[in-house]
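# Report on the structure
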Amino acid sequence: MAVLINGEAVLEYDRDVSLTDTQRESLERMNSTLDKGINLGGEKISNPDKNQRLQFIALNLIQSLLKDENEALIAASTAYLAENLPDLKQVTADTKNGQLLIDLVFDKEYQNQVKVSFSGLTN
């Protein structure tokens, strides 16, 4: 699973690596915290369903990556999405006109791309 921001891969999660007991406990604590309610899109949701929880986690993941902070939250959020959405291939986020657009992609594997720079070319 890959996380892309503005078309650039910023994180890749390897589902072949098993979570430790400590990591699984962390995901259970996340669920317990989510049971208490969330704020999503400016709305207080006291009993979020699975879809709302996943939207909330994806939003927090992207916001943490954009701020380049809280690596533990980034790791836990990525694992949470991967564990709860086994068919998820990519989380994509684009910032356009001051808005953050997040998409969960299930039908397209991330293909690592190589950036090629050409210098010294003249017309």
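Let me sum up the structure you'll find in this document. All of these numbers come straight from a predicted model, not from anything done at the bench.

### A look at the pairing of strand E5 (residues 90-96)
- Pairing geometry for strand E1 (residues 2-5) and E5, over four bridges, is parallel. Its bridge partner being in E5, Ala 2 is matched across the sheet by Gln 90.
- Relative to strand E6 (residues 99-105), E5 runs antiparallel, the two sharing seven bridges. Each bridged residue has a counterpart across the sheet, and for Ala 93 the counterpart in E6 is Ile 102.
- Taking the residues between adjacent antiparallel strands as the criterion, E5 and E6 are bridged by two residues, where Asn 97 takes a positive phi near 50°.

### Some remarks on the packing of helix H1 (residues 21-35) against helix H3 (residues 71-84)
- Viewed as axis vectors pointing N to C, H1 and H3 meet at an angle of 85°, and their least axial separation amounts to 10 Å. The pairing of H1 with H3 is recorded here as roughly perpendicular in orientation. Of the residues in H3, those in contact with Arg 24, Ser 26, Leu 27, Met 30, Asn 31 and Leu 34 of H1 are Ala 76, Ser 77, Ala 79, Tyr 80 and Glu 83.
- For the contact of H1 with H3, the residue count by class is six nonpolar, three polar and two charged.

### Quick notes on the nonpolar core
- By size, the foremost hydrophobic cluster in this structure holds 28 residues, and its most contacted members are Ile 57, Tyr 80 and Leu 81.
- Mapped onto this core, the elements with two or more residues apiece are E1, H1, strand E3 (38-40), helix H2 (50-67), H3 and E5.
- When residues of this core are assigned to their parent elements, the largest contribution, seven residues, is made by H2.

### Overview of the packing of H2 against H3
- Relative to each other, H2 and H3 sit at 145°, their axes nearing to 9 Å. The hand of the H2/H3 crossing is left-handed. Here Lys 50, Arg 53, Leu 54, Ile 57, Ala 58, Leu 61, Ser 64 and Leu 65 of H2 lie close against H3, whose contacting residues are Leu 73, Ile 74, Ser 77, Thr 78, Tyr 80, Leu 81 and Asn 84.
- Its residues placed into classes, the contact of H2 with H3 shows nine nonpolar, four polar and two charged.

### So, H3
- For H3, with 14 residues, the first-to-last C-alpha span of 20 Å sits near the 20 Å given by 1.5 Å per residue.
- Here H3 has its buried residues at Ile 74, Ala 76, Ser 77, Thr 78, Ala 79, Tyr 80, Leu 81 and Ala 82.
- Elements that come into contact with the buried residues of H3 comprise strand E2 (8-12), H1, H2 and E5.

### Structural notes on a nonpolar patch on the surface
- Together, Leu 66, Leu 100 and Ile 102 line one region of the surface with nonpolar side chains, adding up to about 210 Å² of accessible area.
- When you line up the elements, Leu 66 lands in helix H2.
- By relative accessible area, which is 43% here, Leu 66 ends up partly exposed.

Parameters at a glance
- Residues numbered from 1 in each chain as written.
- Predicted model: local features only at pLDDT ≥ 70, side-chain atom pairs only at ≥ 80, totals over all residues.
- Heavy atoms only, no water.
- Pairing = 2+ DSSP bridges.
- Helix = DSSP H or I, 4+ residues; strand = E, 2+ residues; numbered from the N terminus.
- Axes fitted to C-alpha atoms, helices over the stretch in contact; angles between N-to-C directions.
- Parallel < 35°, antiparallel > 145°, perpendicular 65-115°, else oblique.
- Contact = heavy atoms within 4.5 Å.
- Nonpolar A, V, L, I, M, F, W, Y, C, P; charged D, E, K, R; others polar.
- Core = buried A, V, L, I, M, F, W, Y, C linked by side-chain atoms within 4.5 Å.
- Buried < 20%, exposed > 50% of the residue type's maximum accessible area, 1.4 Å probe, protein only.
- Left-handed = near helix turned anticlockwise from the far one by under 90°.
- Expected span 1.5 Å × (residues − 1).
- Patch = residues over 30% accessible without salt bridge, like charges linked within 9 Å, V, L, I, M, F, W, Y side chains within 5 Å.
- Areas by Shrake-Rupley, 256 points an atom, 1.4 Å probe, with all protein chains shown as cover.
- Salt bridge = Lys/Arg side-chain N within 4 Å of Asp/Glu carboxyl O.

Taken by themselves, the reported measurements are silent on function.
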